[in-house]
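# Structural description and commentary
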Amino acid sequence: MRLDKFLKVSRLIKRRTVANEACSAGRVLVNGKAAKAGTNVKPGDRIDIQFGNRETAVEVVSVAETVKKDEAADLYKFL
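The text that follows walks through the structure, step by step, so that each part is easy to find. In this text the structure is predicted, and so the values were computed from the model without any measurement.

## Comments concerning unusual backbone geometry
With a phi close to 65 degrees, R11 is a non-glycine residue in the positive phi region. Examined against the element boundaries, R11 turns out to sit in the loop between α1 (3–9) and α2 (16–24). For N31, which is not a glycine, the phi torsion comes out positive at approximately 55 degrees. You can see N31 is positioned in the loop between β1 (28–30) and β2 (33–34).

Below is the structure:
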């Protein structure tokens, strides 16, 4: 699954366009490397997101095309 879509589906970032812009600005790292919006994400990958002066690190647990709002947190775990 594309990185920008995963960030939206998992609700780590509210909109896919915002996720795409964050990737383009170099604020999203996958496994320690700057990632483009089209980078493939798979279970076991580590995603680091920088929001202003706050940083969030998560590990991908599973990948799903669509999920309900209350199940979105099951796709990742905080590190």
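## Focus: a positive patch on the surface
On the surface, K8, R11, K14, R15 and K69 cluster together into a positively charged patch. Relative accessible area serves as the criterion here: at 43%, R11 is assigned to the partly exposed category.

## Observations concerning the packing of aromatic side chains
The geometry of two aromatic rings is summed up by the distance between their centres and the angle between their planes. In the structure shown here, the tally under the stated rule is 1 aromatic pair. With a centroid separation of 5.4 Å and 90 degrees between ring planes, the pair formed by Y76 and F78 is classed as edge-to-face. Accessibility expressed as a relative area gives 13% for Y76, which makes it buried.

## Considering the pattern of salt bridges
Following the criterion strictly, the structure yields 6 salt bridges and no others. We note a salt bridge from K5 to E65, for which the minimum N-O separation is 2.7 Å. Of the two residues, K5 is situated in helix α1 and E65 in the loop between β4 (54–60) and β5 (76–78); the sequence distance between them amounts to 60 residues. When the shortest N-O distance is used, the salt bridge between D45 and K42 registers 3.4 Å.

Quick notes on the rules
- Residues numbered from 1 in each chain as written.
- Predicted model: local features only at pLDDT ≥ 70, side-chain atom pairs only at ≥ 80, totals over all residues.
- Heavy atoms only, no water.
- Helix = DSSP H or I, 4+ residues; strand = E, 2+ residues; numbered from the N terminus.
- Patch = residues over 30% accessible without salt bridge, like charges linked within 9 Å, V, L, I, M, F, W, Y side chains within 5 Å.
- Areas by Shrake-Rupley, 256 points an atom, 1.4 Å probe, with all protein chains shown as cover.
- Salt bridge = Lys/Arg side-chain N within 4 Å of Asp/Glu carboxyl O.
- Lys, Arg positive; Asp, Glu negative; His and termini not counted.
- Charge placed at Lys NZ, Arg CZ, Asp CG, Glu CD.
- Buried < 20%, exposed > 50% of the residue type's maximum accessible area, 1.4 Å probe, protein only.
- Phe/Tyr/Trp six-rings, centres within 6.5 Å; stacked < 30°, edge-to-face > 60°.

Worth remembering: the numbers are spatial, not functional.
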